[in-house]
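Here is what each chain is made of, one letter per residue.
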Amino acid sequence: MPYKPPEDFVSYCREWEEKIGAFIEFRPDAPGAADVPLPPDAGESGSLSVPSEAKALIAERPFAVKDNIAVKGFSASCGSKLLAAFRSPYSATAVLKLEALGGCVIGKTNLDEFGMGSSTDNSGIQRTNNPWDPSRVPGGSSGGSAAAVSAGMVPFALGSDTGGSVRQPAAFCGVVGLKPTYGAVSRYGLVAYASSLEGIGILADTAARTRAVFASIRGKDPMDDTSRDAPAAAPPLYAGDKNGASDTVTGVIGVLSPEAVAKAVAGAAAINGSSTMNGGAAEAEADGAVSAAARIAAEAAELEGEVRRGFEAAKKGFAVLGYKLVDVEMPGLKYGVPAYYTIAAAEASANLARFDGIRYGKRPDWAENPDDLIDKARDAGFGDEVKLRILLGTFVLRSGFQDRYYLRAQRIRAGIRAGFEALVGGPYGDPAGPAQTMDAILLPVFPTRAFGRGSGSLSPFAQKAADLYTCCANLAGLPAVSFPASVEGGLPVGVQLLGRAFSEGRLLTMVEAYEAAHPFPHPAGYKAFFG
Ligand code: GLN
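Caption draft 1: The arrangement of the overall build of the protein in detail. Secondary structure assignment for the protein yields 16 helices and 11 strands. A compact globule built from 531 residues should have a C-alpha radius of gyration of about 24 Å, and the protein, at 22 Å, falls within 12% of that. Principal axes of the C-alpha set define a box for the protein whose edges measure 75 × 65 × 45 Å. Across the protein, every contact between residues at least 6 apart in sequence was considered, and the portion connecting residues at least 24 apart equals 76%. When the accessible surface of the protein is split by element, carbon and sulfur atoms take 56% of a total near 20100 Å². Across the protein, the centroid of the 51 positively charged side chains sits 1 Å from that of the 57 negatively charged ones.

What follows is the structure in structure tokens.
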């Protein structure tokens, strides 16, 4: 058996769990059996080619898995009442790979229902609190995974990032959060929310552990046709990796200043606000609503003072490490949130069609006919946020309207990717792509630190507008890692580095250097059980 709970570990976990409620299912003393072998054809980066440095940080360690990622014999509720009783008959490829190295799942963590949200308060199952201050949210949607790592209940956890759901809770809880390049990690076993945007990501206590987990789970998987091995020219994860031959290090970090972003968003608000045509009262009212929404969005993108201070601390930290910082602008970013929510909702409305009470989900006790059964199952099973997004998704995909919404969002998406690639470089090994002019772009993760509930909360609309800083990496399919820059006013502030496709090795080296100079903070009561 690969994992033996250290003395006092189980009681330590139970005490924390009482306070924070990170887990939907928790088995620290009777962990899941690691009896599932790696699929026969797990590709080159299957367990055999994982370097021993990586194995050493995973073997005999417990880990947690977000409850929208399959682990055989465990729940897979996706944070939804509809799937509260569902148990997974198989495990995700990423989970199998970690188990093959001796990692051990000890539980499934809470999330916003199907990954839709930024607080984990959209869970239909339970509430999760932030270990730094239980009156505040842990962030979302991988809030349970972030809280469990932050409290020291596990050294690492898997989450999923569709628009920021690994990086934002990592920032709120003071841990490392990696969203890999699209396709770098198999999505087999991840319950789909918005398939073209999302991937399995990593939450961990240190950058070195994040690297180890990424090295273990990445690679082409025959079970997921969108998965890919890193190109030969990409930066290596470990010395001795066979790739990395033609990688260049520029020593330059582009800084996407929050001021520049806020100005761009405010500009968009002004344009929307003045769009009233000479139409009738209904048009004027609709335009009024648009401009009010644009104003709220512009306000929501502005950083609170403490987050600004954390961002400045990160800039200074990298300057001291010898990086040259240059200001960059990304005007296209202001359309990121509308494009993200258009695409995410459209894909969600299709992906969630399977939860109908027939194929999946709790059936109503009684129904008049099959249509009525589906209506009743979905009405009782889905929460408000999920219903809202399904409606929005079907709206933007209505026949005759795709061009106006969905296709337009796809064009914006291509523009955002091109904007980033002009700075960090196009795909490795593509001579026609833009050249690399910098190692990474430094940008904020979220405009606020962990927010509270009730009056201290952010409105659901403001939470969506605040996804501005994270969702663009998903639109572009590029890797980004968030990590604690500093603690301000008693709460951690995260920042993120975004880089060229398959440059995770480079990004993590930069985070490791920052961490060596500014060891990552922990909440009061934290104890490290695992090296
Ligand atoms: N806040 C974003 C949303 O609600 C992020 C979701 C995610 O990454 N799963 O869609």
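Moving on, there is more to tell.
Caption draft 2: Main features of the side chain of S160. Structurally, the position occupied by S160 is in strand 4 (residues 156-161). Separated by 3.1 Å, the side chains of S160 and N68 make a polar contact. Each residue touching S160, except ones within four places of it in the same chain, is listed here: K66, N68, S142, S165, V166, L190, G199, I200 and G201.

Caption draft 3: Structural view of the pairing of strand 2 (residues 62-66). Extensive coverage of strand 2 is indicated by the burial of 5 of its 5 residues. Residues P62, A64 and K66 point to one face of strand 2 and F63 and V65 to the other, with burial holding for every one of them. Two elements, strand 2 and strand 3 (residues 104-109), share 5 bridges in a ladder whose sense is parallel. When the sheet's bridge partners are listed, P62 is paired in strand 3 with C104. Assessed by its sense of winding, the connection that carries the chain from strand 2 through helix 3 (residues 93-100) to strand 3 is right-handed. In this sheet, strand 4 lies alongside strand 2 in parallel orientation, the contact comprising 3 bridges. Residue V65 lies in a different strand from strand 4, and its bridge partner there is L158.

Caption draft 4: Geometry of the site of the ligand. Taken together, 15 residues surround the ligand, and among them T162, G163, S165, Y193 and Y340 come closest. A distance of 3.5 Å separates a nitrogen atom of the ligand from a polar atom in the side chain of S141. One nitrogen or oxygen atom from the side chain of Y341 is found 3.4 Å from an oxygen atom belonging to the ligand. Within the complex, 99% of the 290 Å² of free accessible area of the ligand lies under protein.

Caption draft 5: Summary view of unusual backbone geometry. Along the chain, G140 connects to S141 via a cis peptide bond; the corresponding omega equals 10°. Inspection of the secondary structure puts S141 in the loop between strand 3 and helix 4 (143-150). Located in the positive-phi region is E60, a residue other than glycine, with phi close to 60°. Along the chain, the position of E60 falls in the loop between helix 2 (52-55) and strand 2. A positive phi is found at F114, a non-glycine position, where the angle reads about 55°.

The rules behind each value
- Residues numbered from 1 in each chain as written.
- Predicted model: local features only at pLDDT ≥ 70, side-chain atom pairs only at ≥ 80, totals over all residues.
- Heavy atoms only, no water.
- Helix = DSSP H or I, 4+ residues; strand = E, 2+ residues; numbered from the N terminus.
- Rg over C-alpha atoms; globule rule 2.2 N^0.38 Å.
- Contact = heavy atoms within 4.5 Å.
- Areas by Shrake-Rupley, 256 points an atom, 1.4 Å probe, with all protein chains shown as cover.
- Lys, Arg positive; Asp, Glu negative; His and termini not counted.
- Charge placed at Lys NZ, Arg CZ, Asp CG, Glu CD.
- Polar contact = N/O pair within 3.5 Å; in protein donor to acceptor, adjacent residues only side chain to side chain.
- Buried < 20%, exposed > 50% of the residue type's maximum accessible area, 1.4 Å probe, protein only.
- Pairing = 2+ DSSP bridges.
- Right-handed = clockwise from strand over helix to strand, strands pointing away.
- Near = heavy atom within 4 Å.

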